[in-house]
Amino acid sequence: YSFHQAQTQIGIEGYEILSKQTEQFLKNQVEERARSLALQFAETQSIASYGAGVLAVEKETSLSKEMPTYILQNLFKSLRNSNTKVYFSSTKTGMVIYPSDFKLNSGTFGISFQLSRYFPDKKDFEKAEKTTLWSKPHPSACDGGYDRMVDVIAPTNKHKPYETFIGISISLTDLITQFNQLHPTRGSYSFLMDENQNLIAALPHARLELAPKGKFVERGLIKLADTESEILNTAFKEMGLGRYSVMKVQIKGEEKYIAFHPLDGMKWRLGIVVPVSTATSASAQLQTIVEIGMKQAIFRMLLAAIIILGVSLVIGSLLIRQLLIPLHEVSVASRSMVAGDFKHRVDVTSSDEISHLAQVFNQMADHIQVLISHLEQRA
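Residues numbered from 1 in each chain as written. Predicted model: local features only at pLDDT ≥ 70, side-chain atom pairs only at ≥ 80, totals over all residues. Heavy atoms only, no water.

(A) Broad picture of the packing of aromatic side chains. Using the criterion set out here, one finds six aromatic pairs in the structure. Centroid distance Phe41 to Trp134: 5.2 Å. Interplanar angle 85°. Geometry classified as edge-to-face. Within this pair, whereas Phe41 is found in helix H1 (residues 2-61), its partner Trp134 is found in strand S3 (residues 133-134), the two being separated by 93 residues in sequence. The class for Phe41 is buried, based on a relative accessible area of 3%. Centroid distance Phe76 to Tyr98: 5.4 Å. Interplanar angle 70°. Geometry classified as edge-to-face. With Phe76 in helix H2 (residues 67-78) and Tyr98 in strand S2 (residues 94-98), this pair connects stretches of sequence that are 22 residues apart. Using a relative accessible area of 17% as the deciding quantity, one classes Phe76 as buried. (Phe/Tyr/Trp six-rings, centres within 6.5 Å; stacked < 30°, edge-to-face > 60°. Helix = DSSP H or I, 4+ residues; strand = E, 2+ residues; numbered from the N terminus. Buried < 20%, exposed > 50% of the residue type's maximum accessible area, 1.4 Å probe, protein only.)

This is the structure:
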């Protein structure tokens, strides 16, 4: 009973400890990955700015026809994501894209970026402190709009941003796929959300799971609000406000952890979803290990008890035998005395209380024998 109570208590306390450790681990994990993603965006922005600076210098001298392609090629080699596209646009020379297999559909954007509702306006460049700005997430211009993209625009002159500029287009689908490859556990995934609680990027099964009832769409933004779970609504609200935390929520009837952290330099938030059963599987393993350890301890105790009992019986029998032999000698001598034989003595070589009893008995027998001899002589 004591072992069972100890096992139960260890299981409860172990679950609580491992749950806290799991939450702290998820908090550190999402913070680290948010910083890594923000660094990747910052590097892309720096590369685009560098390319625009090179173009500005070349433009002051003489910009050759081969120079934009050469610059784009070097910029592309500096990027982490091989699926990223780099392009140069000029109102005089047109557009150059690298790799060249990336073809824009003229019906989607064309080269009139300033007319698109996804790209920054001229006023945005003039007000911004940085010379480069990000576009809003938009459908891809080369695959019928299936993929979601985001572009960084680096003009050579921010007062005339779309006259000559460098652009880098990043696939959000590829980006979030790479991040989800970091989740080896089943049911875990990452997603991106903006400050307005719009789901920017997520894998198809994640979009289906996160979308509120009746608001799921295969493409485009999904408003992460008014879900069936109040705790999940609170988590999305906290996430949209730019806070970072780890919360235990209900998603489609399953208990899960959601960890979120804002991205530095962008109004986006990175979220990680992990099933509670998966995250706390270590506590179940701990309880199993404790149960096995308890059973082994009980078995060893029983085995030790059997061995101790056997040894005790053997030692006890020897001790009893050692005690019974002198007592038997005293008993025999007593019966001899009753029968009239006063010459029988007890021969005991030990030095315990029984030996003392035997000595007293022998002395008593000696006195009786002397008295009887005196009586016989007087008779």
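More follows now that the structure is in view.
(B) Region of the structure containing the environment of Pro161. Among the secondary structure elements, Pro161 is positioned in the loop between strand S5 (148-155) and strand S6 (164-171). Between the alpha carbons of Pro161 and Lys123 there is a distance of 9.7 Å; along the sequence they are 38 residues apart. Excluding residues that lie within four positions of it along the chain, Pro161 makes contacts with Lys122, Phe125 and Pro155. (Contact = heavy atoms within 4.5 Å.)

(C) Looking closely at the sheet that holds strand S11 (residues 254-262). Strand order in the open sheet made by the six strands is S9-S8-S7-S12-S11-S10, with antiparallel pairing throughout. Looking at strand neighbours, the two that pair on one side only are strand S9 (222-223) and strand S10 (245-251), the edges of this open sheet. Sheet topology note: the strand S7 (residues 189-194)/strand S8 (residues 198-201) ladder contains two bridges and is antiparallel. Across the sheet, Met193 pairs through a bridge with Leu199, a residue of S8. Contacts from helix H4 (residues 172-180) reach S7, S8 and strand S12 (268-275), with the element oriented near 140° to S7. In this fold helix H6 (residues 230-240) packs onto S7, S10, S11 and S12, with an angle of close to 145° to the strand it touches most, S10. (Pairing = 2+ DSSP bridges. Axes fitted to C-alpha atoms, helices over the stretch in contact; angles between N-to-C directions.)

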